[in-house]
Amino acid sequence: MELPVVVGVDGSEPGMEAVDWAVDEAALRGVQLRVLHASLWQRFEHYASVASPTEAEQPPEWVLAERILAAAQQRAARRQPEVHVTGQVHGSDPVDMLVRAGERAAMVVTGARGRGPVRETLLGSVGLGTAGRATCPTVVVRDGARTPQRAGTVVLGVGARSQGAPAVSFACQEAEERGWDLLCVRALGRSTGSEKAAERAQAEELLSAILPSSAPVNVRTALVEGNAWHVLLEAAQDAGLLVVGARRRQGVFGLELGLVNHAALMYAQCPVAVVPRR
């Protein structure tokens, strides 16, 4: 059975935009969509044991949780009627909920709120937490992010070889599903002379090693001098999706989300997928 796409919702507009992206992805893959909402009220056995309580008997927090979930499911069903949509309220922290759900999912999708100087704090609670711990790809959809439906480019940030293969496979699949181009971007230092030639040769060797010999999509590569995160954000300005890889940290639970990954999640103008190397 094909793994479902999972999306976490919190009642915000960015969360609903994440639902749009997730149900479109489920339609492209031909899989189910699981809509999840975290509510600590579900932990209370008294309320959980009530058999079909009326809305008047439920605490306001419970009623709100059920309404948030129902609104998200209805929105997904209207957008992609052919996708089977299920929903559930979990009595847990939202990051814990999504990380656990991601163990049996093709990907986890979450929204991100905020613009300007406070956006980092608003993203960090769920977006960064899920991206840093999930064992499956995590897609973060920022409010107002461009999500072109018919044309676009998937941009892949090419980092260390150790984190490359899963991200490459994911990026190729996403580009193939949409009929988009795949642009692989590698940042180069501002060296000169022989050092510059050697660095470029190493970068070309890396790209050759990680890219499939016969990709099902049009693949372009770009070797650009400059700061890695700045180069990647510039390349993704008109993209439909930005894909970055992440690797496990030795002896620590979670992924190694470095400066480039953080910058992509904070500032990219398109959805960002963080793909872990298992």
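Residues numbered from 1 in each chain as written. Predicted model: local features only at pLDDT ≥ 70, side-chain atom pairs only at ≥ 80, totals over all residues. Heavy atoms only, no water.

Draft legend 1. Representation of the environment of Ala 38 within the structure. Note that Ala 38 resides in strand β2 (residues 33-38). Each C-alpha atom, one on Ala 38 and one on Val 9, is 8.1 Å from the other, the two residues being 29 residues apart in sequence. Ignoring any residue separated from it by four or fewer positions in sequence, one finds Ala 38 in contact with His 90, Ser 92, Asp 93, Pro 94 and Met 97. (Helix = DSSP H or I, 4+ residues; strand = E, 2+ residues; numbered from the N terminus. Contact = heavy atoms within 4.5 Å.)

Draft legend 2. Geometry of the pattern of salt bridges. Scanning the entire structure with this criterion turns up 13 salt bridges. Residues Arg 75 and Glu 13 are paired through a salt bridge, measuring 3.6 Å at the closest nitrogen-oxygen approach. On the criterion of sequence distance, the pair formed by Arg 75 in helix α3 (residues 60-79) and Glu 13 in helix α1 (residues 13-29) is long-range, its members being 62 residues apart. For Arg 75, a relative accessible area of 23% translates into the label partly exposed. For Arg 79, the salt bridge goes to Asp 20, with nearest N and O atoms at 3.8 Å. Of this pair, Arg 79 sits in helix α3 while Asp 20 sits in helix α1, placing them 59 residues apart in sequence. The class of Arg 79 is partly exposed, set by a relative accessible area of 35%. Look at Asp 20 and you get buried, because its relative accessible area is 12%. (Salt bridge = Lys/Arg side-chain N within 4 Å of Asp/Glu carboxyl O. Buried < 20%, exposed > 50% of the residue type's maximum accessible area, 1.4 Å probe, protein only.)

Draft legend 3. Spotlight on the packing of helix α8 (residues 228-235) against helix α9 (residues 259-267). With their axes 9 Å apart at the nearest point, α8 and α9 run at an angle of 35 degrees to one another. In the packing of α8 onto α9, the handedness of the crossing is right-handed. When α8 is examined against α9, the residues Ala 228, Trp 229, Leu 232 and Leu 233 are found in contact with a partner set consisting of Leu 259, Val 260, Ala 263, Ala 264 and Tyr 267. (Axes fitted to C-alpha atoms, helices over the stretch in contact; angles between N-to-C directions. Left-handed = near helix turned anticlockwise from the far one by under 90°.)

Draft legend 4. Geometry of the environment of Val 85. Here Val 85 lies in strand β3 (residues 85-90). For Val 85, a relative accessible area of 16% corresponds to the buried category. Along the backbone, Val 85 and Val 23 are 62 residues apart, and their C-alpha atoms lie at a distance of 8.5 Å. Excluding its chain neighbours within four sequence positions, the residues that come into contact with Val 85 are Leu 33, Val 35, Gln 73, Ala 76 and Ala 77.

Draft legend 5. Up close: helix α7 (residues 193-210). Between the first and last C-alpha of α7 there are 26 Å, a value that for 18 residues agrees with the 26 Å anticipated at 1.5 Å per step. Residues Ala 203, Leu 206, Leu 207 and Ile 210 constitute the buried set of α7. Burial along α7 is one-sided: seen end-on, the buried residues are contained in an arc of 95 degrees. Turned more than 90 degrees from where α7 packs its buried face, Gly 193, Ser 194, Glu 205 and Ser 208 sit exposed. Elements in contact with the buried residues of α7: α6 (165-178), β7 (181-188) and β8 (219-225). (Expected span 1.5 Å × (residues − 1). Arc of directions from axis to C-beta.)

Draft legend 6. Spatial organisation of the pairing of strand β1 (residues 5-8). Every second residue of β1 is oriented toward a common face, with Val 5 and Val 7 on one face and Val 6 and Gly 8 on the other, all of them buried. The pairing of β1 with strand β4 (residues 107-112) spans three bridges and is classified as parallel. Bridge pairing links Val 6 to Val 108 in β4. (Pairing = 2+ DSSP bridges.)

Draft legend 7. Representation of the side chain of Arg 178. By secondary structure assignment, the location of Arg 178 is in helix α6. Owing to a relative accessible area of 18%, Arg 178 belongs among the buried residues under this scheme. Within the structure, Arg 178 has its side chain in polar contact with the side chain of Glu 25 (distance 2.8 Å). Excluding residues within four positions of it along the chain, Arg 178 makes contact with Trp 21, Glu 25 and Leu 28. (Polar contact = N/O pair within 3.5 Å; in protein donor to acceptor, adjacent residues only side chain to side chain.)

Draft legend 8. Geometry of the packing of aromatic side chains. Scanning all chains against the criterion turns up zero aromatic pairs. Over the ring of Trp 180 we find Arg 178; its NZ or CZ atom is 5.4 Å from the centre of that ring. (Phe/Tyr/Trp six-rings, centres within 6.5 Å; stacked < 30°, edge-to-face > 60°. Lys NZ or Arg CZ within 6 Å of the ring centre and 35° of its normal.)

Draft legend 9. Geometry of the environment of Asp 238. Within the element layout of this structure, Asp 238 appears in the loop between α8 and β9 (241-248). Here Asp 238 falls in the exposed class, since its relative accessible area comes to 66%. Taking the C-alpha atoms as reference, Asp 238 lies 10.0 Å from Ala 268; in sequence the two are 30 residues apart.

Draft legend 10. Fine view of the nonpolar core. Leu 33, Val 109, Leu 156, Leu 182 and Val 243 are the most contacted members of the largest nonpolar core, which totals 49 residues. Setting aside its immediate chain neighbours within four residues, Leu 33 contacts Val 5, Val 7, Ala 22, Val 23, Ala 26, Ala 76, Val 83, His 84, Val 85 and Thr 86. If you look at the next biggest cluster of nonpolar residues, it comprises 24 residues, including Val 155, Val 231, Cys 270 and Val 272. (Core = buried A, V, L, I, M, F, W, Y, C linked by side-chain atoms within 4.5 Å.)

Draft legend 11. Structural context of the packing of α1 against α3. Two numbers describe how α1 lies on α3: the axes approach to 9 Å, and their chain directions differ by 40 degrees. Of the possible angle classes, the one that applies to α1 and α3 is oblique. The way α1 lies across α3 gives a crossing that is right-handed. On α3, the residues touching Glu 13, Met 16, Glu 17, Val 19, Asp 20, Val 23 and Asp 24 of α1 are Ile 68, Ala 71, Ala 72, Arg 75, Ala 76 and Arg 79. Considering only residue class, the contact of α1 with α3 consists of seven nonpolar, no polar and six charged. (Parallel < 35°, antiparallel > 145°, perpendicular 65-115°, else oblique. Nonpolar A, V, L, I, M, F, W, Y, C, P; charged D, E, K, R; others polar.)

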